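Structure assessment
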Amino acid sequence: MSVRSRTTLFTALALAAGLSLAAVTPALARPATPRPATARSTAVAQGDARNATQHVADFYGAYIDAVWATDDKAAGADAKALRAFYLSAAAQKKVAAYETKEHADGILFAQNVPVRWQVAYTGSGAGHATSRVTLTWSDGPHAEVTRIDVQSDLHTLKITDLKPAD
C-alpha cells in the first residue's frame, strides 16, 4: 500500500472515530434517570429607599419573615425592633392598643402569619402616602385574602396609621 493510500485511510479512520465520539459524548454526559423540570428563572428584587410604598413593602416583608420564624429565638426581638424602626410612636401605641383589646397581631390584624404579601401605592396627599397591603393566608384557588390600608409620612417615611381596608 502506498504512503498516500495509508494517509488517506488513517485520515478517514480518524475522521470516522472523531464523528462517532462526537455523537456518543452528549448521550454519555446525560444522567441515566431523567431529572424533574425546575424553574430556571431567578427572582429579582429591587427597591428605592426614598419611596414610601417601598418602605411599607420592606417593613411587611421583614416583619412577616420575623414572625414566620417561630423556631428562631431572636424573631420576637426582631419583630419588635422592626416596629420601632418603621412605625411612628403614635402608630406603635395604636398597634399595642389593638393587640391588648383583640389578642391578635396589630400589624397583620390576625393571629396567624400570611404565606404571601403584596403592597401597592393607592394615593397621596397632605404629606402622606397610602399603600394597600394584600395578605394571602393560604395556597390554592380559594385562598383567603385580607387587605390593610397603611398611611406613611412622606418626609420621615414612618408608618403613621394602619387599618383593615374596607
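In what follows, the structure referred to is the one given above.
Each chain carries its own residue numbering, running from 1 in the direction its sequence is written. Restriction of local features to residues with pLDDT of at least 70 applies here, the model being predicted, together with a cutoff of 80 or more for giving and counting side-chain atom pairs; totals for whole chains, interfaces and linings are based on all residues. Hydrogen atoms and water are omitted, and side-chain values are computed over all heavy atoms in the structure.

**Some remarks on the nonpolar core**
One finds F59, Y60, L87 and L162 to be the most contacted residues of the largest nonpolar core, which totals 24 residues. When residues of this core are traced back to their parent elements, those giving at least two are α2 (52-68), α3 (75-86), α4 (89-102), β2 (128-136), β3 (145-153) and β4 (159-164). Only DSSP runs of H or I reaching four residues or more are called helices, and only runs of E reaching two or more are called strands; each is numbered from the N terminus. In terms of residue count, α2 provides more of this core than any other element does, 7 residues in total. Residues are treated as being in contact if the distance between any of their heavy atoms lies within 4.5 Å. Among all residues touching L87, those that are not within four sequence positions of it are F59, L82, Q92, V95, I107, K158, I159 and L162. Working definition of a nonpolar core: buried Ala, Val, Leu, Ile, Met, Phe, Trp, Tyr and Cys residues. They are joined through side-chain atoms within 4.5 Å. Per-residue accessibility, obtained with a 1.4 Å probe over protein chains only, is compared with the maximum for each type, and a residue is labelled buried under 20%, exposed over 50%, and partly exposed between these values.

**Quick look at the packing of aromatic side chains**
Under the pairing criterion, centres of Phe, Tyr and Trp rings, with the six-membered ring standing for Trp, must be within 6.5 Å; the plane angle then separates stacked pairs below 30 degrees from edge-to-face pairs above 60, leaving the rest tilted. Scanning the entire structure with this criterion turns up 5 aromatic pairs. On the numbers, 5.4 Å between centres and 35° between planes, the contact of F59 with Y63 is tilted. Of this pair, F59 and Y63 both sit in helix α2, 4 residues apart, roughly one helical turn. Owing to a relative accessible area of 1%, Y63 belongs among the buried residues under this scheme. Taking 4.9 Å as the distance between ring centres and 75° as the angle between the ring planes, the aromatic pair formed by Y98 and F109 counts as edge-to-face. Highlighted residues: Y98 in helix α4 and F109 in the loop between α4 and β1 (116-125), separated in sequence by 11 residues. The partly exposed category is assigned to Y98, whose relative accessible area is 24%. Here a set of aromatic residues connected by ring pairs shows up, and it is made of F59, Y60, Y63, F85 and Y86. Placement of a positive charge over a ring is assigned whenever Lys NZ or Arg CZ falls within 6 Å of the ring centre and within 35 degrees of the normal to the ring plane. For K158, the ring lying beneath its charged end belongs to F85, and the centroid distance is 5.3 Å.

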